[in-house]
Amino acid sequence: MNKSEKMTRRKLLRRLGAILSIPISILWIKGIDRTFEVSAKIKIMIPKELAEGITFLDKIIINKNGGYIRVFSSSCSHLGCKIKSEIDNKLICPCHGSKFDYEGKPIVGPAVKQLERIELQRDKKTGEVIVYV
Amino acid sequence: MSKKKEKVSINIYSKLFGSTFGHIAFASFFIALITGIILSIFFDINKPFDSISMMLITNPSASFIRSLHYWSAQIFLVFTIFHIWDHLRKSTEMQVKKGVWIRLSFSLLAVLFVMLTGFILKADADSIQAKRILETLLFDIPFIGNYLSFSLLGNGDDLQLVYVHHIATTTIIVWIIIVEHVKLIWPNIRSVLYFLLPMVLLSLFYPAALHSNNDPIMKGPWYFLGMQELFHYMTSPAIIFLIFAFLLLMIVYLQKFNKLNRRRIKYIWFSISIIYLVLIIIGYFFRGENWEFKLPWQNEYLSMSSINPIDNSANYFIEFNNTLEVPIILGEREGCQYCHSNMKGFSPSHDPEAIGCASCHLGNPFTIDMNLAHSGMIKIPGNLGTANRSCGNANCHPGISDRVTKSLMNTMSGVVSVNRFVFEESSNLDQLNNIKNISNSAADTHLRNLCASCHLGKEKIEYGPINELSRGGGCNACHLNFSKEAVTDLQRLSVSKTDSSILKFHPSLDLNISNDHCFGCHSRSGRISTNYEGWHETQLDESEMPNEKQYRLLKDERVFQFVSADVHHQRGMECIDCHNSFELMGDGNVYAHQEEQVKIKCEDCHFSESPNSVGSEMLDAESKKIAKLRSMNEENHKYLITKNDSIPLINSYVNSDNTVYMVGKNSKKKYELKPPNFICEEGKAHDRLTCNSCHTAWAPQCVGCHTEYEPSEIGIDHLTNKETKGNWKEWMGDFIAELPTLGVMVNNLGAEVIETFIPGMIMTLDKSEFDEDKNNTIFHRLFAPTIAHTVSAKGRSCKSCHNDPIAIGYGRGELIYDYEGSWSFRNKYALVPNDNLPEDAWIGYLKNNQGKATRVGARPFSIDEQKNILTVGACLTCHSDSSKVMLESLKDFDELLKRVSNKCVLPKWD
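Now for a quick tour of the structure. (Residues numbered from 1 in each chain as written. Chains lettered and ligands numbered in written order. Predicted model: local features only at pLDDT ≥ 70, side-chain atom pairs only at ≥ 80, totals over all residues. Heavy atoms only, no water.)

### Re the overall build of chain A
Scanning chain A for helices and strands turns up 1 helix and 11 strands. What you see in chain A, going N to C, is helices and strands ordered as α-β-β-β-β-β-β-β-β-β-β-β. Taking the principal axes of its C-alpha atoms as reference, chain A extends roughly 85 × 40 × 15 Å. Per-residue burial over chain A gives 34% buried out of 133 residues. Here chain A has roughly 8,700 Å² of accessible surface; of this, 57% comes from carbon and sulfur atoms. Placing the 25 positive and 14 negative side-chain charges of chain A at their respective mean positions leaves the two points 15 Å apart. (Helix = DSSP H or I, 4+ residues; strand = E, 2+ residues; numbered from the N terminus. Buried < 20%, exposed > 50% of the residue type's maximum accessible area, 1.4 Å probe, protein only. Areas by Shrake-Rupley, 256 points an atom, 1.4 Å probe, with all protein chains shown as cover. Lys, Arg positive; Asp, Glu negative; His and termini not counted. Charge placed at Lys NZ, Arg CZ, Asp CG, Glu CD.)

See the structure below:
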């Protein structure tokens, strides 16, 4: 090392910072990944007595059409607001006015993607119809 | 730097009361910090929304600190922006070290984040939606999006991480940044003291509010409303991110540009800010429910949103009695029930324990101060003007208030269009109208003076039960029921308004819709309510009533006489036993006339083929709910459905052997549903007849009416409840209760049917006093289809149609058949000079269809039809109704004619 390139505290700290940022970022990302895995999905039971048409159940929207049941996430495909009302046979999002039909397809509004379809499953212990959200 | 130099350099910046914007921003930050620390004592991160609600309700000091914290934060944000503008104006960016400038620029993000986390922490519906939107936005950032979202906002519904970032992380960052670029640790004491005063005043008179679940509008914080507006137009928020990142980088690297470019960048930022400000104004004032555009004075939700100047300032000395409860209703504390506890008289679904008071009556549930609580309250919910905020709000009965508003009982569309037709102001009988929007023409003022109060949209402004004099009332018109105790309570209220705790009984909102609810309006016009019970209106005075058994006095002083009651009424059936929710509340469609909106037909219950039925699993949500509430949702219950629109009749039962019965909705009486008599369906001769045309015992008819305008009289405009100068008046001719006329119309399946008609109207109309310029008298001879609701078990006799001039449309008089084969008609009523027909006739004897009706496609009998009818009438002069010959004639009349004996005299038509 010659005099003009003397290691100053500032330079050392900067270099250390740059080098340490990599393991710290890795630790950060791994930590968050593991937490994602561990945090369980919520189980919601589909009620046995369902009316024809749309039922709102907080995080999900159920569409019963004859014998056929379809479940969607109530999270609007635009920016995630909770859809909890319908007007004129359309599901309507209160935040920016997106409208969806009963199949989850967007009709009007900033949303362009379909509402997320959630698969129906059977609870292994009780045999009831459930979904995971 | 010497003090003198510092003073000079500071003097070039803008000042407000001696403090620069920067100092004001710092002072506000400091006040926010201190109040925030105090507020954390009362705030519970485990139940954030609840702890804030309880602060507002029970703890005036804490609420004050919270408001102060809120206002100091908003002023911090506003003056930070002003401070930036001020410095950019003076181009001070070149006086700052590069590292400091970069950190300053990125600290804008920290400022934004501390404000947003503060907004999210109140955890009401707005905040939770905002958090979801922010999470979604962050997730959209490529590669590190979900990690960022998780690190900044935490996992799931827990606000703990948001709290930590708000009180520690961003606070420390912002303070360090301030210290770094101002070289001050503490704010200027003068700024703090000067600006504490306006903040305290704002907090006292404009307290920070909390979003109640009764408010359906989702709005972010005011500074974000511009973004909310932009989001509405952008399907992908990534664009916004990129633009925002680009603009931020322009500021970060501002120092690298030359003077001209820096100027340009600042102009761009300034213009964008102005546009953003306009968007904020639009987003705040011009947005209603579900993102509708609304003018501020039409925006009924504006008063419910965040900042609301209160009529009187809050009572900071209010005492809280902690032995009384502030219950949690539907996830939210309700202060109403602190004072109004234990009210009785509700139906189970509307009990305040289940839905609270504020969900119907609105007002402010987050307080126990009476004036604050009652501000914005709806005293009588259910009127259609406010129904979509109370009964029809998104959490309760959404869609129903909309359906009712579109239904005929609210729009009175047919009334308006036919009336205008009669007044010759319109030639379109099927035009869709709304009574709310009528003008001041002759026809429309006629309605205002005489008819306009009978629509559901008419506001109920007085407390009390629905009775004979009630008109309108929205949801209350049908669903409001006062018990005796509730009536007594109400009377006590009118005497002394002092103590609310004396009110213990509230009227009920339920499904016990009795005929009394329909009576007020439907004892008018077609008189369905009175007809059904057998009463016919006379022109007598109360003093002229001969007795009280055969005569009845209504509350509006009209005297009615008993004729004969509908057989369904005799058996104890009520209006709602036939008429269902989709007919009465509307099905969302807009109809022109009642026969389009009313779906039920006699044949839906009285049929001879096998029944159309559905099981309970096929019921729609509304029918299912009603069936459940009425305990008609038994297992394996099969319901009849209507032929029109397949509406399930929830009080009908189809047995496994295909027999059917019906149960009264309120009475629970059981009725076996009998098929029609064989004679109803025998042969083809009577195929076009509706059940009504034979089974209507009588219909109220009036002849010889005259309507005139009296300009000097004072009338009432029933739409606005104001007096009018000038009044339309009606003079009645004869009121008659007799068998109706028959005519032809097209039903809603497109088929031609024969239905009952009555004069509607045969009248002269004198418009001369209204349109002062001409001598304007109109004459009309119109018949209107009617469903009289006077059904008789036994149909009318053959001769009552075939040999009766009224039935065919000639008017009263004698139809004589001479045995040489000619029919002749001698009229009873005098001829009217306008068209030389008797006063009560529809058509002339064997004349060609001059008769007009109030429906497109409706008409009297054609000449051929008249001849056919009279030919059978000829047979009936000798053969009795039940003779073999007449019964055979139903099957194939033409064939029968070929076999007539030589004693028969058939009519000769020349």
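Now that the structure is up, let's keep going.
### Brief notes about the interface of chain B and chain A
On the chain A side, the residues contacting the 32 residues of chain B number 31 residues. For the pair chain B and chain A, the number of links is 1 salt bridge. With a shortest N-O distance of 3.6 Å, A:Lys59 and B:Asp157 are connected by a salt bridge. The tally of links between chain B and chain A comes to 9 residue pairs in polar contact (both at pLDDT 80 or more). (Contact = heavy atoms within 4.5 Å. Salt bridge = Lys/Arg side-chain N within 4 Å of Asp/Glu carboxyl O. Polar contact = N/O pair within 3.5 Å; in protein donor to acceptor, adjacent residues only side chain to side chain.)

### Things to note about the sheet that holds strand β7 (residues 535–537) of chain B
The strands making up a sheet associate through backbone hydrogen bonding, with each pair oriented either parallel or antiparallel. Residues and elements named next belong to chain B. Ordered by their spatial adjacency, 3 strands build an open sheet running β7-β9-β8, and the pairing between neighbours is antiparallel. The open sheet has two edge strands with one neighbour each: β7 and β8 (551–553). If you compare each strand with its neighbour and ignore which way they point, the axes differ by 35 degrees on average. Pairing of β7 with strand β9 (residues 559–562) involves 3 bridges; the strand directions are antiparallel. Looking across to β9, one finds that His536 is bridged to Gln561. (Pairing = 2+ DSSP bridges. Axes fitted to C-alpha atoms, helices over the stretch in contact; angles between N-to-C directions.)

### Description of the sheet that holds strand β10 (residues 613–615) of chain B
All names here are of chain B. Strand order in this open sheet of 3 strands is β10-β11-β12, and the pairing throughout is antiparallel. Looking along the sheet, the strands with just one partner apiece sit at the ends: β10 and β12 (648–649). As paired strands, strand β11 (residues 638–641) and β12 are joined by 2 bridges and run antiparallel to one another. Its bridge partner lying in β12, Leu640 is registered against Leu649.

### Observations regarding the packing of aromatic side chains
All names here are of chain B. Enumeration according to the criterion identifies 24 aromatic pairs over all chains in this entry. Aromatic rings pair up to connect Phe17, Phe21, Phe79, Phe82 and Phe195 into one cluster. Over the face of the ring belonging to Trp85 we find Arg89, whose NZ or CZ atom lies 4.7 Å from the ring centre. Here the guanidinium or amino end of Lys219 rests over the ring plane of Tyr284, the centre of that ring lying 5.8 Å away. (Phe/Tyr/Trp six-rings, centres within 6.5 Å; stacked < 30°, edge-to-face > 60°. Lys NZ or Arg CZ within 6 Å of the ring centre and 35° of its normal.)

### Details of a nonpolar patch on the surface
Residue and element names in this part refer to chain B. Residues Phe106, Leu109, Phe244, Leu249, Tyr253 and Phe257 make up a contiguous nonpolar surface patch of about 520 Å² in total accessible area. Elements represented by at least two residues in the nonpolar patch include exactly α5 (98–121) and α11 (238–252). Along the polypeptide, Phe244 turns up in helix α11. You can call Phe244 partly exposed: its relative accessible area is 36%. (Patch = residues over 30% accessible without salt bridge, like charges linked within 9 Å, V, L, I, M, F, W, Y side chains within 5 Å.)

### Here's the deal with the state of the cysteines
Evaluation of the coordinates by the stated rule reveals 1 disulfide over all chains. Shown here is the disulfide that connects A:Cys81 with A:Cys95, its sulfur atoms set 1.9 Å apart. Note on the A:Cys81 and A:Cys95 pair: the S-S dihedral is about -90 degrees, so by sign convention the disulfide is left-handed. Here the residue A:Cys81 occupies a position in the loop between β4 (68–73) and β5 (85–87), and A:Cys95 occupies one in the loop between β6 (90–92) and β7 (99–100), the gap between them amounting to 14 residues. Among the residues examined, A:Cys81 registers a relative accessible area of 1% and is labelled buried. Here B:Cys602 is not disulfide-linked; the sulfur of B:Cys691 is the nearest cysteine sulfur, at 3.9 Å. A disulfide-free cysteine, B:Cys801 has its sulfur positioned 5.8 Å from the sulfur of B:Cys694, the nearest such atom. The class for B:Cys801 is buried, based on a relative accessible area of 15%. (Disulfide = S-S within 2.5 Å.)

### Regarding the side chain of B:His802
Residues and elements named next belong to chain B. Structurally, His802 is set in helix α32 (residues 799–802). Here the side chain of His802 touches Ile869 through a polar contact of 3.0 Å, landing on its backbone oxygen. Setting aside chain neighbours within four positions, we find His802 in contact with His686, Ile808, Ile869, Leu870, Val872, Gly873 and Leu876.

### A look at the environment of B:Gly733
Residue position: B:Gly733 is located in the loop between β18 (722–731) and β19 (734–738). Those residues within four positions of B:Gly733 in sequence are excluded, and the remaining contacts are B:Gln539, B:Val703, B:Gly704 and B:Cys705.

### Some words on unusual backbone geometry
Peptide bonds are mostly trans, and most non-glycine residues show a negative phi. Residues and elements named next belong to chain B. Cis geometry marks the peptide bond from Gly760 to Met761, where omega comes out at -10 degrees. Structurally, Met761 is set in strand β21 (residues 752–766). Positive phi outside glycine occurs at Lys183, with the angle close to 65 degrees. Despite not being glycine, Met412 has its phi angle at roughly 55 degrees, a positive value. Here Met412 is to be found in the loop between α18 (408–411) and α19 (413–422).

### Examining the pattern of salt bridges
All names here are of chain B. For the structure shown, the criterion picks out 37 salt bridges over all chains. A salt bridge links Arg558 to Asp556; the nearest nitrogen and oxygen atoms lie 3.0 Å apart. Exposure remark for Arg558: the relative accessible area of 9% places this residue in the buried category. Linked through salt bridges whose partners overlap, the residues forming this network are Arg524, Arg527, Glu537, Asp556 and Arg558.

### Notes on a negative patch on the surface
Residues and elements named next belong to chain B. A cluster of like negative charges, contributed by Asp541, Glu542, Glu544, Glu548 and Glu557, occupies part of the molecular surface. Mapped onto the elements of the fold, Glu548 is located in the loop between β7 and β8. We classify Glu548 as exposed; its relative accessible area is 71%.

### Thoughts on helix α20 (residues 442–450) of chain B
All names here are of chain B. For α20, a buried count of 8 out of 9 residues is recorded, marking the element as mostly surrounded by other parts of the structure. Among the residues of α20, those classed as buried are Ala442, Ala443, Asp444, Thr445, His446, Leu447, Arg448 and Asn449. At its buried positions, α20 is contacted by α19, β17 (705–717) and β18.

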